[in-house]
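Close look at the chain arrangement
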Amino acid sequence: MRYITSFLLIFVASTFLQTAVAQATHGPYIKGRTAYRMRLSRCAMWWRRLGDYTKSNGKWLTKNTPLYMELAKLSEREFHRWLADPRGHHPRVNCKVGAFENKREVMVLWFYIQTKAFNPPQKPVIVRQTLRRSKIRLIKTQKLMRERLETLRRVRKFLPDYKTPVSQPVKITKSGNRK
């Protein structure tokens, strides 16, 4: 009994710890994504369209790496330098970075870039499977159909005036009118 309770205690603690770690990383990730969209969205757009502006010929690129992938290659110190002057350090982008309110916002932005580049969150893939017909399912369906027909036959006993509709052929005259 003692082993079972200790096992349950360890299991609950590890589950709680995994959930706490996931929630602890989820908050900064969301805040970093917001900071990226607010402060670096214009730079990301120009990087995606033109790439390095010193090497660009003015034509829009069809394939280019996202800006966050390029920024993830930098060290944290180089990233801070890039934020101060995006035109002077690689990746060279012809834009101004939005003003940051505090150092925490820069930290969550760095966390977001690192997480998105090296360990992006994955959406669960839902695979739909077709329902296979089986003999058991077919027999249940046939049984249900027999029960419904029997119920309909019983109900008709109470409706003596009810007549089953008989389809009559439609006659069409020479003028095209139905008769």
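To start, this report covers the structure provided alongside it. (Residues numbered from 1 in each chain as written. Predicted model: local features only at pLDDT ≥ 70, side-chain atom pairs only at ≥ 80, totals over all residues. Heavy atoms only, no water.)

Some details on the packing of helix H4 (residues 76-84) against helix H5 (residues 103-118)
- Relative orientation of the contacting elements H4 and H5 amounts to 115°, with a least axis distance of 12 Å. Every pair of crossing elements has a handedness; the one defined by H4 and H5 is right-handed. Counting all contacts with H4, which are made through Glu76, Phe79, His80 and Leu83, the residues of H5 involved are Val106, Leu109, Trp110 and Ile113.
- Of the residues assigned to the contact of H4 with H5, the class counts are six nonpolar, one polar and one charged. (Axes fitted to C-alpha atoms, helices over the stretch in contact; angles between N-to-C directions. Helix = DSSP H or I, 4+ residues; strand = E, 2+ residues; numbered from the N terminus. Left-handed = near helix turned anticlockwise from the far one by under 90°. Contact = heavy atoms within 4.5 Å. Nonpolar A, V, L, I, M, F, W, Y, C, P; charged D, E, K, R; others polar.)

Quick notes on the environment of Asp52
- Here Asp52 lies in the loop between helix H2 (41-50) and helix H3 (67-72).
- For Asp52, a relative accessible area of 9% translates into the label buried.
- Along the sequence, Asp52 and Arg92 sit 40 residues apart, while their C-alpha atoms lie 5.1 Å from each other.
- Excluding anything up to four places from it in sequence, Asp52 contacts Trp47, His90 and Arg92.
- Here Thr54 takes part through its side chain, which lies 3.0 Å from a polar atom of the side chain of Asp52. (Buried < 20%, exposed > 50% of the residue type's maximum accessible area, 1.4 Å probe, protein only. Polar contact = N/O pair within 3.5 Å; in protein donor to acceptor, adjacent residues only side chain to side chain.)

Re a nonpolar patch on the surface
- Residues Met145, Leu149 and Leu152 make up a contiguous nonpolar surface patch of roughly 300 Å² in combined accessible area.
- When you line up the elements, Leu152 lands in helix H6 (residues 135-157).
- Judged by its relative accessible area of 41%, Leu152 falls in the partly exposed class. (Patch = residues over 30% accessible without salt bridge, like charges linked within 9 Å, V, L, I, M, F, W, Y side chains within 5 Å. Areas by Shrake-Rupley, 256 points an atom, 1.4 Å probe, with all protein chains shown as cover. Salt bridge = Lys/Arg side-chain N within 4 Å of Asp/Glu carboxyl O.)

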